Protein chains: 2
Amino acid sequence: MPDNNHIHPFDEAVELKPTSSDTYEGCIPQTYANMVGPFGGIIVAVILNGILCHKERQGDPVSITVNFAGPIADAPFELSVRLIRTNRSNQHWIAELTQESQVAATATAILATRQETWMMSEAQAPDAPRPEEVELWPAPAKPNWVKRYEYRIILGELTFTGQPAKDSESLLWVRDVPERPLDFLSLAAVCDVFFPRVFLRRQKLGVVGTITITTYFHADVPSLERQASRPILASARGQRFYRGYFDQVAELWSDEGELLTSSIQMVYFKD
Amino acid sequence: MPDNNHIHPFDEAVELKPTSSDTYEGCIPQTYANMVGPFGGIIVAVILNGILCHKERQGDPVSITVNFAGPIADAPFELSVRLIRTNRSNQHWIAELTQESQVAATATAILATRQETWMMSEAQAPDAPRPEEVELWPAPAKPNWVKRYEYRIILGELTFTGQPAKDSESLLWVRDVPERPLDFLSLAAVCDVFFPRVFLRRQKLGVVGTITITTYFHADVPSLERQASRPILASARGQRFYRGYFDQVAELWSDEGELLTSSIQMVYFKD
């Protein structure tokens, strides 16, 4: 029996067992459970893990899109990844996650070997107090996955008063619990830590589900190493809530003000 | 012979000939040619057309992601579309565009039957003069596709002085040439009409190529009908230019201030 005492819950959750050169089996434990099925961010991470563990992998992630095609149970799944094309400096992948022979998620990802070029950070990190100056958010008992993150909320508290907020802006410091050095997988997961925009804007609960999320990685390995396990500044807002769907635009920043990811998701909601 | 005199160049470009229930042949004409191969926006449109023309299609687009896996020639291509899953109110699709047996683009899309819900437009259209108050941009002779759009540029002129601009913001009114009533296909194409952010920021030309674009549709059929063929307000900015890639975040607005799409793309560049 492996000694699980020293495995971080995140690493345990994204673990995959190869079943052929292009397929894996996995099962996301209850530690990352959402209200129904696992936390979306951990699903993105486990799919990306399947691609990054493939023996033909070249380069690091620059983009991933995951479409959630149906409910995913807290149960074993199969993941198949397919290398579509390798170019001189990038690689294109498709992945499918199936449960009980039904496709539950599809994904496409691009990996790249980065070159030295002209550089410019046009977007600037929002003004924020330092993490140690912001109170720790007392996470509720459910869903489980929120206890896998330390939240320090600057903007966008959930009050559930039913009094609509003036906007759906969120700004918070976030990091893994327990602390864990940042990698591409955990960064991909953090892009989905935000409360649903419609809960914030309406200050009431409802039925929601992300149907698709796209994340672009501006971070490379040196960026991840610089950030290590310190809190990430996370910012998100909704742009339009219309006839059953709303979007969420989000950015993650290093604590030195470096843009690590830009991300967008479309979310289904019901009144 | 069909009378092509009355076919709009856009409709001609996105035309597909079914070769089986899930496959098509197409060829994007020179009218939408870019410097190398066709304009990216028309490729998104033709892939979406393959999905929307499928006999099992249910609903209208809420999201599409297209990954450009390799160069696409101005030549015939095959398009295959695959219905992954149909749920009560949405459908998941995957598509692949191949040329000479090589995958040139992959795509995933979600269609949905929209329901009536609570609605809120949180993002507001940027302030802009009316289209008739903005001068028509004199499009250059090449690439061909820019002549398929009427540009009225408010922010983000290309001067090519080599003097870096203070930002890469664009704001413009845009519509098809000749005028054409808006539909999901032309809306998807317009999301890609922006000049590359790195050209604007550096005010010089270079090698660039979109590697992936994701568009979310907030517009439904009534929104398209309201907008008809009037100019769309288009806004875009780059957030970070880093080691060979930059992102571009964009929104399209109706001339009545309705958010029609939110879109994001990642672009490869070389110095």
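Further up the page is the structure itself.
Remember, predicted model here, so these are calculated numbers, not experimental data.

Caption draft 1: Representation of the overall build of chain A within the structure. Broken down by element type, chain A carries 5 helices and 13 strands. For chain A, the C-alpha radius of gyration of 18 Å lies close to 18 Å, the compact-globule estimate for 271 residues. In terms of overall dimensions, chain A has a C-alpha envelope of 55 × 45 × 45 Å along the principal axes. Here chain A holds 271 residues, and 59% of them are scored as buried. Contacts in chain A between residues far apart in sequence, at least 24 positions, make up 69% of those at least 6 positions apart. For chain A, the distance from the average position of its 25 positive side-chain charges to the average position of its 34 negative side-chain charges is 6 Å.

Caption draft 2: View of the relation of the copies chain A and chain B. Rotating chain A by 180° about the axis while translating it 0.0 Å along that axis superimposes it on chain B, leaving an RMSD of 0.0 Å. Taken together, the turn and the small shift mark the pair as related by a two-fold rotation axis.

Caption draft 3: Here's a closer look at unusual backbone geometry. For the bond running from V177 of chain A to P178 of chain A, omega is -10°, close enough to zero to count as cis. Structurally, P178 of chain A can be placed in the loop between β9 (170–176) and α3 (184–190). For the bond running from K142 of chain B to P143 of chain B, omega is -10°, close enough to zero to count as cis. Following the sequence through the fold, P143 of chain B ends up in the loop between β7 (120–121) and β8 (149–155). Here the phi dihedral of E100 of chain A falls at roughly 50°; this positive angle occurs in a residue that is not glycine. Tracing the backbone through its elements, the reader meets E100 of chain A in the loop between β5 (90–99) and β6 (102–112). The residue A228 of chain A is not glycine, and still its phi comes out positive at about 50°. Along the chain, A228 of chain A falls in the loop between α5 (221–227) and β11 (232–242).

Caption draft 4: Fine view of helix α2 (residues 40–52) of chain A. Between its terminal C-alpha atoms α2 of chain A stretches 19 Å, which fits the 18 Å expected from 13 residues at 1.5 Å a residue. Counting buried positions along α2 of chain A yields 13 of 13 residues, so the element is predominantly enclosed.

Caption draft 5: How the structure looks around the pairing of strand β4 (residues 77–86) of chain B. Residues and elements named next belong to chain B. Examined bridge by bridge, strand β2 (residues 23–26) and β4 share 4 bridges and lie antiparallel to one another. When the sheet's bridge partners are listed, E25 is paired in β4 with E78. Pairing of β4 with strand β5 (residues 90–99) involves 8 bridges; the strand directions are antiparallel. Bridge pairing links L83 to W93 in β5.

Caption draft 6: Geometry of the interface of chain A and chain B. Contact with chain A, which involves 69 residues of that partner, is made by 69 residues of chain B. Here chain A and chain B share an interface that buries about 6,500 Å² over both sides, 52% of which is from carbon and sulfur atoms. Counting the contacts that link chain A with chain B gives 10 salt bridges. E258 of chain A serves as the salt-bridge partner of R240 of chain B, at 3.1 Å between the closest nitrogen and oxygen. Summed over the shared surface of chain A and chain B, the number is 52 residue pairs in polar contact (both at pLDDT 80 or more). Looking at the side of chain A that touches chain B residue by residue, the class counts come to 28 nonpolar, 24 polar and 17 charged. Looking at chain direction, β11 of chain A and β7 of chain B are connected through 2 bridges and run antiparallel. When the bridges of β7 of chain B are listed, R240 of chain A appears paired with S121 of chain B.

Caption draft 7: Representation of the packing of aromatic side chains within the structure. Scanning the entire structure with this criterion turns up 24 aromatic pairs over all chains. Each ring, one from W137 of chain B and one from F195 of chain B, has its centre 5.1 Å from the other, and the planes form 55°; the classification is tilted. Here the residue W137 of chain B occupies a position in the loop between β7 and β8, and F195 of chain B occupies one in the loop between α3 (184–190) and α4 (197–202), the gap between them amounting to 58 residues. The burial state of W137 of chain B is the same as that of F195 of chain B; both residues are buried. Grouped by ring-pair contacts, the aromatic residues W118 of chain A together with F241, F246 and F269 of chain B constitute a single cluster. The aromatic ring of Y242 of chain A is capped on one face by R240 of chain A, whose charged end is 4.0 Å from the ring centroid.

Caption draft 8: Local environment of the pairing of strand β3 (residues 60–68) of chain A. All names here are of chain A. Most of β3 is tucked away: 8 of the 9 residues are buried. As paired strands, β3 and β6 are joined by 8 bridges and run antiparallel to one another. Residue T65 lies in a different strand from β6, and its bridge partner there is T108. Relative to strand β10 (residues 207–217), β3 runs antiparallel, the two sharing 5 bridges. Bridge pairing in β10 links I64 to T215.

Caption draft 9: Spotlight on the pattern of salt bridges. Enumeration according to the criterion identifies 38 salt bridges over all chains in this entry. A salt bridge links R237 of chain A to E251 of chain A, with the shortest nitrogen-to-oxygen separation between them at 2.6 Å. Of this pair, R237 of chain A sits in strand β11 while E251 of chain A sits in strand β12 (residues 245–253), and the two are 14 residues apart along the sequence. Accessibility classification places R237 of chain A together with E251 of chain A in one group, the buried group. One salt bridge in this structure joins K166 of chain B and D167 of chain B, with 3.0 Å as the shortest N-O distance. Note on D167 of chain B: relative accessible area 22%, which makes it partly exposed. Bridged by salt links that share partners, the residues E150, R152, R175 and E179 of chain A form one connected network.

Conventions we followed
- Residues numbered from 1 in each chain as written.
- Chains lettered and ligands numbered in written order.
- Predicted model: local features only at pLDDT ≥ 70, side-chain atom pairs only at ≥ 80, totals over all residues.
- Heavy atoms only, no water.
- Helix = DSSP H or I, 4+ residues; strand = E, 2+ residues; numbered from the N terminus.
- Rg over C-alpha atoms; globule rule 2.2 N^0.38 Å.
- Buried < 20%, exposed > 50% of the residue type's maximum accessible area, 1.4 Å probe, protein only.
- Contact = heavy atoms within 4.5 Å.
- Lys, Arg positive; Asp, Glu negative; His and termini not counted.
- Charge placed at Lys NZ, Arg CZ, Asp CG, Glu CD.
- Least-squares fit on C-alpha atoms with pLDDT ≥ 70 in both.
- Expected span 1.5 Å × (residues − 1).
- Pairing = 2+ DSSP bridges.
- Buried area = accessible area lost by both parts, 1.4 Å probe.
- Salt bridge = Lys/Arg side-chain N within 4 Å of Asp/Glu carboxyl O.
- Polar contact = N/O pair within 3.5 Å; in protein donor to acceptor, adjacent residues only side chain to side chain.
- Nonpolar A, V, L, I, M, F, W, Y, C, P; charged D, E, K, R; others polar.
- Phe/Tyr/Trp six-rings, centres within 6.5 Å; stacked < 30°, edge-to-face > 60°.
- Lys NZ or Arg CZ within 6 Å of the ring centre and 35° of its normal.

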